[in-house]
Each structure stands twice: as structure tokens, then as C-alpha cells.
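What the coordinates show
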Amino acid sequence: MKKILSIAILSGLLFSNISLAQLTPPDTVEESKEIIEKGIDLSIKELPQNIMRIFKEEALPVWTKMYTWFYERLGKKIVAWFNKEISPEIKKREPQFKEEFAKEKEEMREDLPQAGKSLWEKFRELIK
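Residues numbered from 1 in each chain as written. Predicted model: local features only at pLDDT ≥ 70, side-chain atom pairs only at ≥ 80, totals over all residues. Heavy atoms only, no water.

Description of the overall build of the protein chain
The condition that has to hold: Put simply, DSSP marks the helices as runs of H or I at least four residues long and the strands as runs of E at least two long, and each gets a number from the N terminus on. Throughout, exposure labels follow a simple rule: accessible area from a 1.4 Å probe, protein chains only, divided by the maximum for the residue type, with under 20% read as buried, over 50% as exposed, and the rest as partly exposed. For every accessible area listed, the method is Shrake-Rupley and the probe measures 1.4 Å; residues are considered covered only by the protein chains on display.
Scanning the protein chain for helices and strands turns up three helices and zero strands. Secondary structure of the protein chain in N-to-C order comes out as α-α-α. Put simply, the protein chain has 128 residues, and 1% of those count as buried. By element, 65% of the accessible surface of the protein chain is carried by carbon and sulfur atoms, the whole surface being about 12,600 Å².

Written out as C-alpha cells, the structure reads:
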């Protein structure tokens, strides 16, 4: 990665003088407008492809390595702890969770007296 970056910087420095020597400023406003429009069109066409390429070739491999490093060092321990400590407790309390969820659902229905009204009727009541 460092080699690629250093080569890109050096080539940018070397070739920037050559490219600046070949550029001439536009003579009229119309020419500058055409150049800007061409640049915008080109960026609209190529920018999404370049972003996807950069993501797939550079960002994704780094993120994959970070995930692999994390999972090998800590992830396996976390999964084992969860399966040993938390999972049995969840299974033990599952009936209680279902009962509480049913109660909460019923309370929410009672709190919403307008549940049977259409959206238009609710909107008209807000305006009044």
C-alpha cells in the first residue's frame, strides 16, 4: 500500500508539469461552459464505477482482515460466553417474555382509541 501511494505521488509530481504545459485556458465563456459540462458528464458516468472499484479492491479487503483479526482474538470468546451464560437464561425466561409481550401489545391497543379510523379521518381530526 505504501509503495502504491509513493508511486502515485511521484508520478503525479512528475506528470503534473507536463499536463499543465498542455492546458490552455478557454478563450470564451462558452468554451469554459462546454468544458465544465463535459467534466460533469464524465464524472456522472465514471464516478459510481470508480467508487465501487475502490470499495471492492481496497476497503473491503481491509475490513475483511479487521473482522478476521477481531473474530479470531475476541469473537470466539464472546460467542462461547454467550452460548454458555446468556442463551440458557433466555430459554428459561422465554415464556415470561411472551406473556409480557402479549400484555404490552394489549396495552398499546387500549392506548390507541383511533385505531379503527382511516388515515383521512385522523388527518381531519388533526386539522380541527
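A closer look at the pattern of salt bridges
For clarity, the threshold we go by: Any Lys or Arg side-chain nitrogen found within 4 Å of a carboxyl oxygen on Asp or Glu counts as a salt bridge.
Summed over all chains, the structure comprises five salt bridges. Note that Glu89 is salt-bridged to Arg93, the shortest N-O span being 2.8 Å. Linking Glu89 with Arg93, this pair stays in helix 2 (residues 29–111), spanning four residues, or about one helical turn. Its relative accessible area of 29% is what places Glu89 among the partly exposed residues. Note that Glu94 and Lys98 form a salt bridge whose closest N and O atoms lie 3.7 Å from each other. Of the two residues, Glu94 and Lys98 both sit in helix 2, four residues apart, roughly one turn of that helix. The class of Lys98 is exposed, set by a relative accessible area of 56%. Each member of the salt-bridge network shares a partner with another, and the members are Glu89, Lys92 and Arg93.

Overview of a negative patch on the surface
Cut-off, in case you're wondering: Patch rule: a residue counts if its relative accessible area is over 30% and it has no salt bridge; like charges are joined within 9 Å, and nonpolar side chains (Val, Leu, Ile, Met, Phe, Trp, Tyr) within 5 Å. Positive: Lys, Arg. Negative: Asp, Glu. His and the chain ends are not part of the count. Where a charge lies is defined by one atom per residue type: Lys uses NZ, Arg uses CZ, Asp uses CG and Glu uses CD.
Taken together, the side chains of Asp27, Glu30, Glu31, Glu34, Glu37 and Asp41 define an acidic patch exposed on the protein surface. With respect to the helices, strands and loops of the structure, Glu30 is situated in helix 2.

Focus: the packing of aromatic side chains
What counts here: Stacked, tilted and edge-to-face are the three classes assigned to paired rings of Phe, Tyr and Trp, where Trp is represented by its six-membered ring and a pair needs centres within 6.5 Å; plane angles under 30 degrees give stacked, over 60 edge-to-face, the rest tilted.
Here the structure, examined in full by the defined rule, presents two aromatic pairs. Considering the side-chain rings of Phe55 and Trp63, the 5.5 Å spacing of their centres and the 75 degrees angle between planes classify their relative orientation as edge-to-face. Note on Phe55: relative accessible area 31%, which makes it partly exposed. Taking the centre distance of 6.0 Å and the plane angle of 15 degrees together, the rings of Tyr67 and Tyr71 count as stacked. Remark: Tyr71 and Tyr67 occur in helix 2; sequence separation between them is four residues, near one turn of the helix. The class of Tyr67 is exposed, set by a relative accessible area of 55%.

Here's the deal with a nonpolar patch on the surface
On the surface, a cluster of nonpolar side chains totalling about 810 Å² of accessible area is made up of Trp69, Phe70, Leu74, Ile78, Trp81, Phe82, Ile90 and Phe97. Tracing the backbone through its elements, the reader meets Trp69 in helix 2. On the basis of relative accessibility, which here comes to 48%, the residue Trp69 falls in the partly exposed class.

With respect to the confidence of the model for the protein chain
Formally: On a range of 0 to 100, pLDDT expresses the predictor's confidence in each residue.
Taken as a whole, the protein chain shows an average pLDDT of 81; of its residues, 81% reach a score of 70 or greater. By mean pLDDT, helix 1 (residues 2–22) is the weakest element of the protein chain at 62, and helix 2 is the strongest at 89.

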